[in-house]
Protein chains: 2
Amino acid sequence: MHELRKDYIFDRWVIVNTERAKRPRDFIRQRPKIREEGPCPFCPGNEKMTPPEISRVELKGEWVLRCFENKFPAVTTDGSPELKTEGEFFTKGNAYGKHEVIVETPRHRQQFQELPVERIAKYFQFLFKRRNSLYKLPGIKFVSMFKNHGLEAGTSLAHEHTQIIAYNRLPKNIEREIKAIISYHRKHRQCPYCKVLKLERKGPRRIAENDSFLAFTPYASIFEFEAGIFSKRHLDSFSNLRENELLDLAELVKKLLSRLAVLKAPYNMYFHEAPKGKKEHIHVKIVPRLITWGGFEHCTGCIINTVSPEQAAEFFREEGE
Amino acid sequence: MHELRKDYIFDRWVIVNTERAKRPRDFIRQRPKIREEGPCPFCPGNEKMTPPEISRVELKGEWVLRCFENKFPAVTTDGSPELKTEGEFFTKGNAYGKHEVIVETPRHRQQFQELPVERIAKYFQFLFKRRNSLYKLPGIKFVSMFKNHGLEAGTSLAHEHTQIIAYNRLPKNIEREIKAIISYHRKHRQCPYCKVLKLERKGPRRIAENDSFLAFTPYASIFEFEAGIFSKRHLDSFSNLRENELLDLAELVKKLLSRLAVLKAPYNMYFHEAPKGKKEHIHVKIVPRLITWGGFEHCTGCIINTVSPEQAAEFFREEGE
């Protein structure tokens, strides 16, 4: 089952994906852990363990980046991408799309931020190229690109990788941002983030910048040590970045993740941008996963952050270990 | 610092609470664990370890329920409950309110669902009485009642307890539900949940019912084995429940949590209801925390659920171990 379902009365969607078909007893709580036993399917030599390769980047005859379909996809291209309502309360459709994996380095123990800036820029180029291909599929409304690093950030494989889920809904969180941007733009004839950037650049939440990007800790960060890397130039989509901009983005991502490595922080990294024809202001979000949300956060949607963004920025601005 | 902050451009709020005042290095990742060493502040005999008691329920001369302020409150009554905007993008206010704890049993190792039905009903009565008191404070917009059980559900103390956070915002998740109910009501002259109940009562997601409550797994559940216990009678607030209804609620909560105990599942339990004058349809949500959300969930707001609500209902309907 790969099904998209909508809440009875409000606009919240879930992908019900029971493909791994566990029985209830398989959920009996065990301390989760990173899989260490057995050969790593992402290491060179074990390429046959993954679904067929979609593309790769080679350096001196060996692959350094490799993309293939996820072995346990959250979405598939079975059926139609259309959604339908049965009666008043039961809206659903196929969870339609593609779910891919990019292995970021051939070396099992190399961490993403240890890659040279040029290699990280190459990774971005490779990732955004896959993004563009996936947007060409019929029925795709959004291509979500994200990285889970560490157990508490939702991964079970240690070998560094990124996932891409292209599917048939514009996600709520992106839609909310796009709507707020459009509404601000209508009133003020400019992008709100372009203005926020000018303010944060001078303030206590600034971390670092270069020609193309500015890194800061957002004013109302919901995660401890959350950081955003915003393009200084207004762009709606990552696929419009020039080569020097990719290098600048890589430099700041490397810098921030290197600082987080001091905390041994599990983290997610993801990409905010608009699908074709919509307004956004591209930024990369880095969100460490240091605290577990409880009943208050899940009931209310109001998050408690125990590190102020100003403290977090101070930490990021420091150098070294 | 106890500050409520709003996102730059959309309506998402965070409580920035740095009272525990850690330094960044204190966040260096260690496997979190339930605190086991030292005396338990929630056990009888250690009452002096908690902030002053607000109220208690006694049975045969000993307390069985005990309420006091949280030692590390997320909100306080310092300053004013008003919110203000500085410039266009920086909206904030005091995270104003009260944060209390209810210890649910004097016995350190007793789990909530092991309490007799009458004791659970007594707990609800005690909890909803605290709720009513807290709504009387000036500036309080919502009283959130929730329980975190187990590490992955956000608790660090094993002794069973509930928290109450009364604060100066109507939370987004509750507001969204209230709005959807009002909008449906305007069109159809009835509560949508009253209608959903009639459908779910006959369907594959029904778990159990008694005179006053119906338990089922919601159609678009976002958590594995999520369950809702809905009042059959339309009520906006838990404080309107009669004594027999409290017993009926207790019976179903005990039944569902006993099944979850088979999975040793960490879980949150929380209460959906309206503040005075607003429309809701009361229900208790029980959400096991078996899977960690990753970058996809946090970026998009679309959750992947690996157990279908129909499978989950089947599990809950079974008896015993």
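Residues numbered from 1 in each chain as written. Chains lettered and ligands numbered in written order. Predicted model: local features only at pLDDT ≥ 70, side-chain atom pairs only at ≥ 80, totals over all residues.

1. Some remarks on the relation of the copies chain A and chain B
For the pair chain A and chain B, the best superposition has an RMSD of 0.0 Å and corresponds to a rotation of 180 degrees with a translation of 0.0 Å parallel to the axis. Accordingly, the operation relating the two chain copies is best matched by a two-fold axis. The overlap is high: 100% of the interface residues of chain A also sit at the interface in chain B, so the same surface is used on both sides. (Least-squares fit on C-alpha atoms with pLDDT ≥ 70 in both. Contact = placed C-beta atoms within 7 Å.)

2. Topic: the sheet that holds strand β2 (residues 13-17) of chain B
One open sheet holds the 5 strands; their spatial order is β15(A)-β2(B)-β1(B)-β6(B)-β5(B), and the pairing between them is mixed. Lying at the two open borders of the sheet, with one neighbouring strand each, are β15 (303-305) of chain A together with β5 (83-86) of chain B. Sheet twist, expressed as the average angle between the axes of neighbouring strands with direction ignored, equals 30 degrees. With 5 bridges joining them, strand β1 (residues 2-6) of chain B and β2(B) adopt antiparallel strand pairing. When the sheet's bridge partners are listed, B:Arg5 is paired in β2(B) with B:Val14. (Pairing = 2+ DSSP bridges. Helix = DSSP H or I, 4+ residues; strand = E, 2+ residues; numbered from the N terminus. Axes fitted to C-alpha atoms, helices over the stretch in contact; angles between N-to-C directions.)

3. Focus: helix α1 (residues 117-135) of chain B
In this model, α1(B) (19 residues) spans 27 Å end to end at C-alpha, consistent with the 27 Å of a helix rising 1.5 Å per residue. If you follow the buried residues of α1(B), they end up packed against β3 (53-59), β4 (62-69), β7 (97-103), β8 (142-149), β9 (161-167) and α4 (243-262) of chain B. (Expected span 1.5 Å × (residues − 1).)

4. A closer look at the domain arrangement of chain A
Residues and elements named next belong to chain A. What the domain assignment lists for chain A is domain 1 (2-169) and domain 2 (173-317). One C-alpha centre belongs to domain 1, the other to domain 2; they are set 22 Å apart. Of the residues lining the interface, 23 residues belong to domain 1; the matching set on domain 2 comes to 22 residues. Of all the elements in the fold, those that place two or more residues in the side of domain 1 that touches domain 2 are α1 (117-135) and β8 (142-149). Ranked by residue count, the leading element in the side of domain 1 that touches domain 2 is α1, at 9 residues. Among the residues making up the side of domain 1 that touches domain 2, the classes are represented as 12 nonpolar, 7 polar and 4 charged. (Domains from an automatic or database assignment. Nonpolar A, V, L, I, M, F, W, Y, C, P; charged D, E, K, R; others polar.)

5. Things to note about helix α3 (residues 192-200) of chain A
In an α-helix, one turn spans 3.6 residues; hence positions three or four apart end up facing the same way. Among all positions in α3(A), only A:Pro192, A:Tyr193, A:Val196, A:Leu197 and A:Glu200 are buried. The buried residues of α3(A) all sit within an arc of 140 degrees when viewed along its axis, so they share a single face. (Buried ≥ 20, exposed ≤ 12 C-beta atoms within 10 Å, placed from the backbone. Arc of directions from axis to C-beta.)

6. A word on the packing of α1(B) against α4(B)
All names here are of chain B. With their axes 8 Å apart at the nearest point, α1 and α4 run at an angle of 115 degrees to one another. Relative to α4, α1 is oriented so that their crossing is right-handed. Taking contact as the criterion, the partners of Val117, Ile120, Ala121, Phe124 and Gln125 in α1 are, on α4, Leu246, Leu247, Leu249, Ala250, Glu251, Val253 and Lys254. For the contact of α1 with α4, the residue count by class is 9 nonpolar, 1 polar and 2 charged. (Left-handed = near helix turned anticlockwise from the far one by under 90°.)

7. Here's the deal with unusual backbone geometry
Located in the positive-phi region is A:Phe225, a residue other than glycine, with phi close to 60 degrees. Turning to its location among the elements, A:Phe225 is positioned in the loop between β11 (213-216) and β12 (227-231). A tally of 27 C-beta atoms within 10 Å means that A:Phe225 is categorised as buried. Of note, B:Lys264 is a non-glycine position whose phi angle comes to about 50 degrees, a positive value. Checked against the element boundaries, B:Lys264 lands in the loop between α4 and β13 (267-272). Residue class for B:Lys264 comes out exposed when judged on the 12 C-beta atoms lying within 10 Å of it.

8. Notes on the pairing of β8(A)
Residues and elements named next belong to chain A. Burial of β8 is extensive: 8 of the 8 residues sit out of reach of the surface. Along β8, one buried face is formed by Phe142, Ser144, Phe146 and Asn148 and the opposite face, lined by Val143, Met145, Lys147 and His149, is buried too. As paired elements, β8 and strand β9 (residues 161-167) share 5 bridges and run antiparallel to each other. Bridging across to β9, Phe142 finds its partner in Tyr167. In this sheet, strand β13 (residues 267-272) lies alongside β8 in antiparallel orientation, the contact comprising 4 bridges. Looking at the pairing, Phe146 lines up with Tyr270 of β13.

9. Observations regarding the nonpolar core
Among the nonpolar cores identified, the biggest contains 175 residues, and A:Leu249, A:Leu256 and B:Leu256 are the most heavily contacted of them. The contact partners of A:Leu249, leaving out residues within four places of it in the chain, are A:Phe124, A:Ser212, A:Phe213, A:Ile229, A:Leu241 and A:Val284. (Core = buried A, V, L, I, M, F, W, Y, C linked by C-beta atoms within 7 Å.)

10. A few points about the interface of chain A and chain B
Across the boundary between the two partners, chain A contributes 76 residues, which contact 76 residues of chain B. By residue number, the principal contributor to the side of chain A that touches chain B is helix α2 (residues 172-188) of chain A, which donates 8 residues. Looking at the side of chain A that touches chain B, its residues break down into 43 nonpolar, 20 polar and 13 charged. Pairing between β15(A) and β2(B): 3 bridges, direction parallel.

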